[in-house]
Amino acid sequence: LLWWLSLAIIAADQGTKALVRGAVSLFETRPLIPGFVDLAHVRNEGVAFGLFNSLDLQHKWVFTTVLALAALIGVTYYSRHIRADERLARIGLSMILGGALGNLIDRVRDGYVLDFLDAYWRGWHFWAFNVADACITIGAVFVFIDLLLVKPHASHSV
């Protein structure tokens, strides 16, 4: 993995979240790109795309933290099987790792993840997200593209 990339993503994620905490009150929104993206301050107590947000568990943060740790274990296991020449997959997995750790820091510290980018267009509205979420998504696309481009290593025919 590219550890420097993962660490840079964690720093960018935590830095932007700190800026939002200081500048935008909880549940407040401010136009960033009018008609397209607002700066918001919301708490995601669930997992990706707000899944499990409405689940009423006493210690839901423990459940979501365990899910995040399981995903990190999967990423770590998968990364051990990436060849040196699979650069796009290494970049993608490093992005996923950095994003997952950035959100995990929030879950452990606060019991939720701070989301602050609220994208919409006309009648369409996407879930609020953050730098970590964006990096996880882009990283997953990179890994998927790499998987599509990998040439199988067939043994010599007889």
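Scroll up for the structure.
Since the model is a prediction, treat every value here as computed from it, not as a measurement.

Q: How would you sum up the overall build of the chain? Please name residues and give values.
A: Scanning the chain from terminus to terminus reveals four helices and four strands. Across the 158 residues of the chain, 38% fall into the buried class. When contacts within the chain are restricted to residue pairs at least 6 apart in sequence, long-range pairs at least 24 apart make up 63% of them. As presented, the chain carries roughly 9,800 Å² of accessible surface, and 69% of it is formed by carbon and sulfur atoms.

Q: So what's going on with the packing of aromatic side chains? Residues and values would help.
A: Summed over all chains, the structure comprises three aromatic pairs. Residues Phe126 and Trp127 carry aromatic rings whose centres are separated by 5.4 Å and whose planes lie at 75° to one another, so their mutual orientation is edge-to-face. Linked through ring pairs, Trp124, Phe126, Trp127 and Phe129 together constitute an aromatic cluster.

Q: So what's going on with the nonpolar core? Residues and values would help.
A: Counting residues in each nonpolar core, the largest one holds eight residues, listed as Val20, Val24, Val37, Leu39, Leu114, Phe116, Leu117 and Ala119. In this view, Val37 contacts Pro31, Leu32, Leu117, Asp118, Ala119 and Tyr120; residues no more than four positions away in its chain are not counted.

Q: Go over the pattern of salt bridges with me, naming the residues and quoting the values.
A: Going through the model one piece at a time under the given rule, you end up with nine salt bridges. With a shortest N-O distance of 4.0 Å, Arg21 and Asp106 are connected by a salt bridge. Taken together, the residues Arg21 in helix α1 (residues 3-23) and Asp106 in helix α3 (residues 87-110) connect sequence positions 85 residues apart. Among the residues examined, Arg21 registers a relative accessible area of 31% and is labelled partly exposed. Assessed through its relative accessible area of 0%, Asp106 is described here as buried. Of the charged contacts, one joins Arg83 and Asp85 as a salt bridge, the two residues approaching to 3.0 Å between their closest N and O atoms.

The rules behind these values
Residues numbered from 1 in each chain as written. Predicted model: local features only at pLDDT ≥ 70, side-chain atom pairs only at ≥ 80, totals over all residues. Heavy atoms only, no water. Helix = DSSP H or I, 4+ residues; strand = E, 2+ residues; numbered from the N terminus. Buried < 20%, exposed > 50% of the residue type's maximum accessible area, 1.4 Å probe, protein only. Contact = heavy atoms within 4.5 Å. Areas by Shrake-Rupley, 256 points an atom, 1.4 Å probe, with all protein chains shown as cover. Phe/Tyr/Trp six-rings, centres within 6.5 Å; stacked < 30°, edge-to-face > 60°. Core = buried A, V, L, I, M, F, W, Y, C linked by side-chain atoms within 4.5 Å. Salt bridge = Lys/Arg side-chain N within 4 Å of Asp/Glu carboxyl O.

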